[in-house]
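Listed here are the chains, written in short residue letters.
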Amino acid sequence: MAVDAAPAAASGATTRRWRWLLSLAILAAIWQVAAMLAGSPVLPPPTEVAAAAWQHLVDGDLPYNIALTLARVLVAFAAAMLLGTAIGIALGRSRLLDELFDGWLVIALNMPALVTIVLCYVWFGLNEWAAVIAVAVNKAPLVVAITREGARALDRPLLEMVQLFEVPRGRVLRRIVLPQLAPSLMAAARSGLALTWKIVLVVELLGRPNGVGFQIRSFFNFFDIAGILAYTLVFIAVILAIEAFVLQPLDRAAGRWRSP
Amino acid sequence: MIGLALRGIRRRFAAPVPREVLDGVDLAIGAGEFVALAGPSGRGKTTLLRIIGGLDSGYQGRIDWPDGPPRRRAAVFQDPRLAPWLSVLDNLLLVAGREAEPRARALLSAVELEGREDAWPGQLSGGMQRRAALARALLVEPDLLLLDEPLVSLDHALAGRMRALLAEYWQRHRPTVLLVTHDLREAVTLADRVVVLAEGAGQVSLQRGIDLPHPRDPADPRIDAIVDALLRFDPGLAVAEKDEGEPADHA
């Protein structure tokens, strides 16, 4: 059964990929038709956007700004994951801590991103640190909430086993706790990456002299819609590539033991 | 020389119905002694083992360790408790560290799991997982070894070989061993002393030293005689032979 199912599943995945590309092509076609019907500079057709993207690429401003934004996304993302995971495990494992800080978490989860960003700029100045802290602080509460659920569900018999054998704490964390949290961490990472880059754009728009968010504001000032769409589409493509070539392989590696 | 002394151990469980599982257990166990706690389920054997292993702190009474608490503890639980995301070998190395790999491989072949080092636990039968758990316990070279029905789902011949392995290991390394078993013959074959907790009373009702020389043959008529004597004293022990034990593992 399993032997027969494997090629079928593989061809199913190929079909799915083609359909996905097809649906994107349909979207582009609708866009093209709509742009031609509208005939207005506020809705440039995809060909014009592609041309703009190429021009910005050749000029060098697009790779420069995207690299800066990506660097901010990755630093803030890593900080939020580390901080959020540590706090999430602590809250999930200690009832006392959970009761003490659950209210804080609810407030943090409901804090509008814009408020955190503005406050960080006011408190820490219009600098790189403030920008990255603002993004990390926005993102971390969600990581805390997701990993807390995972940490609550840790396998008790295994924890007793390592307690009885007095396995060193670091090894318990690496080999017993984190593998069980892997699904939660992957869920947090996936939702987190998307959320992080959206917030980074706002941070850049409000207080940075470069980056995709800053560029979009300049384009807005000049009513350069093709430029806005070109930057946006390229950046989405970069994030999708990270998802496909980094996060998904990680996810598969973590779940290897489930389908031996 | 005393390894540990239990003094007036009481343990009360609230659910499903409130009851005293242990109601004043006094028991001294010598350093390097092999003690079997025998009898059917529901008499608090596992509870006592968990208290000694430090996994249950909700008890009253005292545990004294005249020579200090054990430096290295190990256990075989009723369920194998292997991490399903670690290979069999990595499950062993989890408790002993990377540098123990040669010994871990040797122990895995001693429990007849050679060639399964890189398998996931989920690919092994229940009996194989149990043997991996036994190898894991011996790997840390414990001075306190707690065994909770370690051989229960193995088929007859395999259980015999594992029993011999355990006896030989104990003879060579002399850890203090506490073996919980419903199988009187197993208890008498392995232990220096068989301890029985009374039905419903939560106290030690019977202790019997076994001074037969090692290695012992389970078919030895002297073992039959001791088992019969224990059964005459507490016929409840015979029930255990039938109602416990999981389906045998023929893998």
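Conventions and cut-offs
Residues numbered from 1 in each chain as written. Chains lettered and ligands numbered in written order. Predicted model: local features only at pLDDT ≥ 70, side-chain atom pairs only at ≥ 80, totals over all residues. Axes fitted to C-alpha atoms, helices over the stretch in contact; angles between N-to-C directions. Helix = DSSP H or I, 4+ residues; strand = E, 2+ residues; numbered from the N terminus. Left-handed = near helix turned anticlockwise from the far one by under 90°. Contact = placed C-beta atoms within 7 Å. Nonpolar A, V, L, I, M, F, W, Y, C, P; charged D, E, K, R; others polar. Buried ≥ 20, exposed ≤ 12 C-beta atoms within 10 Å, placed from the backbone. Pairing = 2+ DSSP bridges. Domains from an automatic or database assignment.

Moving on: the packing of helix 5 (residues 113-124) of chain A against helix 6 (residues 128-152) of chain A. Residues and elements named next belong to chain A. It is the contact of helix 5 with helix 6, at a shortest axis distance of 9 Å, that shows an interaxial angle of 150°. Read as a crossing pair, helix 5 and helix 6 show a hand that is right-handed. Together, A113, T116, I117, C120, Y121 and F124 of helix 5 and W129, A130, I133, A134, V137 and N138 of helix 6 make up the contact between the two elements. Taken together, the residues that form the contact of helix 5 with helix 6 break down as 10 nonpolar, two polar and no charged.

In this section: the pairing of strand 8 (residues 193-197) of chain B. Residue and element names in this part refer to chain B. Counting buried residues in strand 8 gives four out of five residues, a clear majority hidden from the surface. The pairing of strand 3 (residues 34-38) with strand 8 spans four bridges and is classified as parallel. By the bridge assignment, V35 is partnered in strand 8 with R193.

Now for the domain arrangement of chain A. Residues and elements named next belong to chain A. Its domain assignment divides chain A into domain 1 (13-42) and domain 2 (44-258). If you look at the interface, domain 1 gives seven residues, while domain 2 gives four residues. Here the side of domain 1 that touches domain 2 is built from residues that sort into six nonpolar, one polar and no charged.

All names here are of chain B. Structurally, chain B comprises domain 1 (31-57 + 144-251) and domain 2 (80-141). Put simply, the middle of domain 1 and the middle of domain 2, counted by C-alpha atoms, are 23 Å apart. Counting residues at the interface gives 11 residues for domain 1 and 12 residues for domain 2. Among the elements that take part in the side of domain 1 that touches domain 2, helix 5 (residues 156-173) stands out by supplying five residues, more than any other. Of the residues that constitute the side of domain 1 that touches domain 2, the class distribution is eight nonpolar, two polar and one charged.

Bringing the sheet that holds strand 4 (residues 60-64) of chain B into the picture now. All names here are of chain B. The strand order across the open sheet formed by three strands is 2-1-4, and the pairing between neighbours is antiparallel. Each end of this open sheet is capped by a strand with a single partner; those strands are strand 2 (19-30) and strand 4. Taken pair by pair, the neighbouring strands of this sheet meet at an average axis angle of 10°, ignoring direction. As defined by bridge partners, strand 1 (residues 2-13) adjoins strand 2 across nine bridges and the pair is classed as antiparallel. In the strand pairing of strand 2, R12 is matched with E20. Its contacts with the sheet put helix 1 (residues 45-52) on strand 1, strand 2 and strand 4, and the angle it makes with strand 1 is roughly 120°.

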